[in-house]
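Okay, here's what each chain looks like letter by letter:
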Amino acid sequence: MWKEQKKYDCIVVGGGPAGSTFARVAAESGLSVLLLEKDRDIGMPVRCGEAVSDAGLRIFYEPNPRWIASTITRMKLVAPNETVVEFDLNEKGYILDRRIFDYDLAEYATKAGAMIVTKAYVDGLLIEEDKVVGVQGVHIGERFEKRAKIVIGADGVESRVGRWAGLKTTCKLKDMESGIQKTVTGIDVHEHMFEFYLSKHWAPGGYIWVFPKGKNKANIGLGILGSYAKNGKAAHQYLDEFLEWKYPQASVLTTVVGGIPVAKTVKEMVSDGLMLIGDAAHMVNPVTGGGIIPGMRSGLLAAETAVKALNNGGPTKRNLQPYEKAWHKVGGKSHERFYRIKEAIYRFTDDDLNRIADGMSGIPENERSLFKLFSIAVRKKPSLLIDVARVFAGV
Amino acid sequence: MIEVAENKCDFCGCCVGVCPVNCIEVKEADIIIDHEICIDCDICVFICPIEVLSQTDPKRSSSSEAA
Ligand SMILES: Cc1cc2nc3c(=O)[nH]c(=O)nc-3n(C[C@H](O)[C@H](O)[C@H](O)COP(=O)(O)OP(=O)(O)OC[C@H]3O[C@@H](n4cnc5c(N)ncnc54)[C@H](O)[C@@H]3O)c2cc1C
Ligand code: SF4
Ligand code: SF4
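Residues numbered from 1 in each chain as written. Chains lettered and ligands numbered in written order. Predicted model: local features only at pLDDT ≥ 70, side-chain atom pairs only at ≥ 80, totals over all residues. Heavy atoms only, no water.

**Brief notes about the overall build of chain A**
Secondary structure summary: chain A contains 11 helices and 16 strands in total. On C-alpha atoms alone, chain A measures out to a radius of gyration of 21 Å, which is about the 21 Å that the 2.2 N^0.38 rule sets for 395 residues. Expressed as lengths along the three principal axes of its C-alpha atoms, the size of chain A is roughly 65 × 45 × 40 Å. Looking at chain A residue by residue over its 395 residues, the buried ones come to 58%. If you take every contact in chain A between residues at least 6 apart in sequence, the share linking residues at least 24 apart comes to 70%. Carbon and sulfur atoms form 50% of the exposed surface of chain A, whose accessible area is close to 16600 Å². Charged side chains in chain A number 54 positive and 47 negative. The centres of these two groups are separated by 4 Å. (Helix = DSSP H or I, 4+ residues; strand = E, 2+ residues; numbered from the N terminus. Rg over C-alpha atoms; globule rule 2.2 N^0.38 Å. Buried < 20%, exposed > 50% of the residue type's maximum accessible area, 1.4 Å probe, protein only. Contact = heavy atoms within 4.5 Å. Areas by Shrake-Rupley, 256 points an atom, 1.4 Å probe, with all protein chains shown as cover. Lys, Arg positive; Asp, Glu negative; His and termini not counted. Charge placed at Lys NZ, Arg CZ, Asp CG, Glu CD.)

Right, here's the structure in full:
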């Protein structure tokens, strides 16, 4: 029973894809792991468009049909002047059902030996001699304290774990998307196509997505960049206007809101006895807003480092830093490039966006690709062209 | 002072992520602002997707330079 056990090798705060992946890998390597989630359900509410690429998912798990609401092979962009550009994707993607997906990831962690507790809210760290040695919190009205060799902050966009340990994880307003999404039904959508609407008047500093879940259902949402949210119009107003215009007949099954950090990753991801993973370390791709795959990747890399550190020298900051290095080696460079591309494209005017759509329309459909799209988008900035080329070449 | 329309809140934690002084706390279905620590920068007001938060001081609202 977790109530009796006072000490663990690792305590993970937060049961999203990052936390569950860390818990699974660490437990598989023989570490004792406790995962604490404040909500009453793992994976709920689903604050997510649920889009992933097949290749990204495959790094971690063989895609299970149970998780997949739609398979995506095509994409459609709508420019501010309503020019439409469509093309087939080189790589397929999925719209997941994250209620099932997140649940399964948590179950894998449990099968590997981790203990998961829901309704367990962590409200502080135990710190001794400047080292993190555990967590404290409340579980259904009862206070608890648990000690751990390493505490893992997987507590998402609202992460406070790092801040309690003195790490700088506050997201700047200009690096946060204010997001809202409705899962709607009673509409007609192309079952295998991502749709994106790009314009300052639809979603300034962000985009509207229509992600199908079958032929008559979709996740429809948007993010607006914090710097535009200052103008007095909130995200929900933009979404309501869009739905009124495009899908007035839609019934809303679910509404969720949430923040999407489109920031550089936090500089320091570790301290003595502490690691940050997933949204808590700002791992979301700053251009797409996709954070599921980067979250799982950071969970895996952090767990590998944690295992080494505990078997060899202990969880000092120095011994945990290889995780930061591993992140930068695998995903960090392209993250920085995406951040630079984001900084450029979020400044585009509607005229710029119309020109990009026109440029794409001029290319035969079988020659269109995401790479072509981004290349046209940053044509006037040769230095960014190199970033685009490298991001797509995966180097 | 920041006012919370608690019955509107979705407890998403987005405001927590941007608060520069870490004075907002969001539990499973509970949001608390520590007004002693709050510096009235209004950043949380701007970022909230559904307008749960508002600045009660009319002189201050939407005049922040803190972004
Ligand atoms: C509207 C929206 C749409 C998105 N669309 C996509 C998309 O289409 N594709 C994609 O890849 N990404 C998308 N994202 C981003 C994606 O949802 C996140 O990047 C991903 O969920 C991050 O995983 P995580 O494990 O780091 O954190 P989360 O999944 O956020 O999990 C963190 C967990 O920690 C818990 N927690 C927080 N504080 C505490 C505490 N003190 N004590 C205990 N538990 C705590 C939370 O309850 C939560 O369950 C979207 C995000 C939003 C908001
Ligand atoms: S951003 Fe808004 S909805 Fe989300 S927790 Fe803060 S006040 Fe509530
Ligand atoms: S006004 Fe600024 S300091 Fe006060 S709660 Fe909001 S973000 Fe935090």
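**Re the sheet that holds strand S5 (residues 84–96) of chain A**
Backbone hydrogen bonds are what pair the strands of a sheet, in a parallel or an antiparallel way. All names here are of chain A. The eight strands lie next to each other as S3-S5-S4-S11-S12-S13-S10-S14, forming an open sheet whose pairing is mixed. What marks the edges here is a single partner per strand, and that holds for strand S3 (51–53) and strand S14 (251–261). Put simply, the sheet's adjacent strands are angled 30 degrees from each other on average, direction ignored. As judged from the five bridges shared by strand S12 (residues 208–212) and strand S13 (residues 217–225), these two strands associate in the antiparallel manner. In the strand pairing of S13, Val210 is matched with Ile220. The sheet strands contacting helix H6 (residues 235–246) are strand S10 (176–185), strand S11 (193–197), S12 and S13, and the helix crosses S13 at an angle near 140 degrees. (Pairing = 2+ DSSP bridges. Axes fitted to C-alpha atoms, helices over the stretch in contact; angles between N-to-C directions.)

**Things to note about the domain arrangement of chain A**
All names here are of chain A. As assigned here, chain A comprises domain 1 (7–46 + 99–171 + 263–320), domain 2 (71–91 + 173–261) and domain 3 (341–393). Look at where the C-alpha atoms of domain 2 and domain 3 centre, and you get two points 20 Å apart. With 23 residues of domain 2 in contact, the opposing surface of domain 3 contributes 18 residues. Both faces considered, domain 2 and domain 3 share a buried interface measuring about 1500 Å² in area, 55% of it formed by carbon and sulfur atoms. Of all residues in domain 2, Val85, Phe87 and Lys200 bury the most surface against domain 3, accounting for 30% of the area lost on that side. Applying the counting rule to domain 2 against domain 3 returns three salt bridges. In this structure, the salt-bridge partner of Lys342 is Asp175, at a minimum N-O distance of 2.8 Å. Here the side of domain 2 that touches domain 3 gets six residues from one element, more than from any other, and that element is S5. Among the residues forming the side of domain 2 that touches domain 3, the class breakdown is 10 nonpolar, six polar and seven charged. (Domains from an automatic or database assignment. Buried area = accessible area lost by both parts, 1.4 Å probe. Salt bridge = Lys/Arg side-chain N within 4 Å of Asp/Glu carboxyl O. Nonpolar A, V, L, I, M, F, W, Y, C, P; charged D, E, K, R; others polar.)

**Some thoughts on the interface of chain B and chain A**
On the side of chain A, 33 residues touch chain B, which itself brings 25 residues to the contact. Summing the contributions of chain B and of chain A, the shared interface buries around 2500 Å²; its carbon and sulfur component is 53%. Among the residues chain B hides against chain A, the three largest losses belong to Glu28(B), Phe46(B) and Pro49(B). Together they make up 24% of the total. At the boundary of chain B and chain A, one finds two salt bridges.

**A closer look at the site of ligand 3**
Around ligand 3 sit Ile2(B), Cys19(B), Pro20(B), Val21(B), Cys23(B), Ile24(B), Cys38(B), Ile39(B), Asp40(B), Cys41(B), Asp42(B) and Cys44(B), and that is every residue in its neighbourhood. If you map ligand 3 onto the pockets, it falls in the second largest cavity. (Near = heavy atom within 4 Å. 1 Å grid on protein atoms, 1.4 Å probe; cavity = no way out; pocket = protein on both sides within 12 Å on 5 of 7 lines; lining within 4 Å. Sits in = over half its atoms within 2 Å of the grid points.)

**As for empty space enclosed by the protein**
Residues and elements named next belong to chain B. Applying the stated criterion across every chain, the model contains three cavities of 30 Å³ or more. Considered as a void within the structure, the largest cavity measures approximately 100 Å³ in volume. Cys9, Phe11, Cys12, Cys15 and Cys48 are, among the 15 residues lining the largest cavity, the residues nearest its centre. Partitioned by chemical class, the residues of the lining of the largest cavity number 13 nonpolar, one polar and one charged. The calculated volume of the second largest cavity comes to roughly 80 Å³. Lining the second largest cavity we find 13 residues, and of these Cys19, Cys23, Cys38, Cys41 and Cys44 sit closest to its centre. Looking at side-chain class alone, the lining of the second largest cavity contains 11 nonpolar, no polar and two charged residues. (Points joined across faces, edges and corners; volume = space filled by probe spheres on them.)

**Examining the site of ligand 1**
Residue and element names in this part refer to chain A. Neighbouring ligand 1 are 35 residues; Glu37, Gly49, Ala51, Val122 and Asp279 lie closest to it. Glu37 is positioned with one of its side-chain polar atoms (N or O) 2.6 Å from an oxygen atom of ligand 1. Ile292 places a polar main-chain atom, nitrogen or oxygen, 3.0 Å from an oxygen atom of ligand 1. Protein contact buries 90% of the 1000 Å² of open area that ligand 1 shows by itself. Of all elements in the fold, only helix H1 (17–28), strand S7 (120–128), S12 and S14 reach the threshold of two or more residues within the shell around ligand 1. For the shell around ligand 1, the class distribution of residues is 15 nonpolar, 11 polar and nine charged. Two domains each provide a minimum of three residues to the shell around ligand 1, namely domain 1 (7–46 + 99–171 + 263–320) and domain 2 (71–91 + 173–261). (Polar contact = N/O pair within 3.5 Å; in protein donor to acceptor, adjacent residues only side chain to side chain.)

**Quick notes on unusual backbone geometry**
Cis geometry marks the peptide bond from Met44(A) to Pro45(A); its omega dihedral reads -10 degrees. Looking at where Pro45(A) falls in the secondary structure, it is placed in the loop between strand S2 (33–36) and S3. Of note in the backbone geometry, Glu82(A) takes a positive phi value of approximately 70 degrees without being a glycine. Note that Glu82(A) resides in the loop between strand S4 (68–78) and S5. Positioned with a positive phi, Asp40(B) is a non-glycine residue whose angle comes to about 50 degrees. With respect to the helices, strands and loops of the structure, Asp40(B) is situated in the loop between strand S3 (30–33) and helix H2 (43–47).

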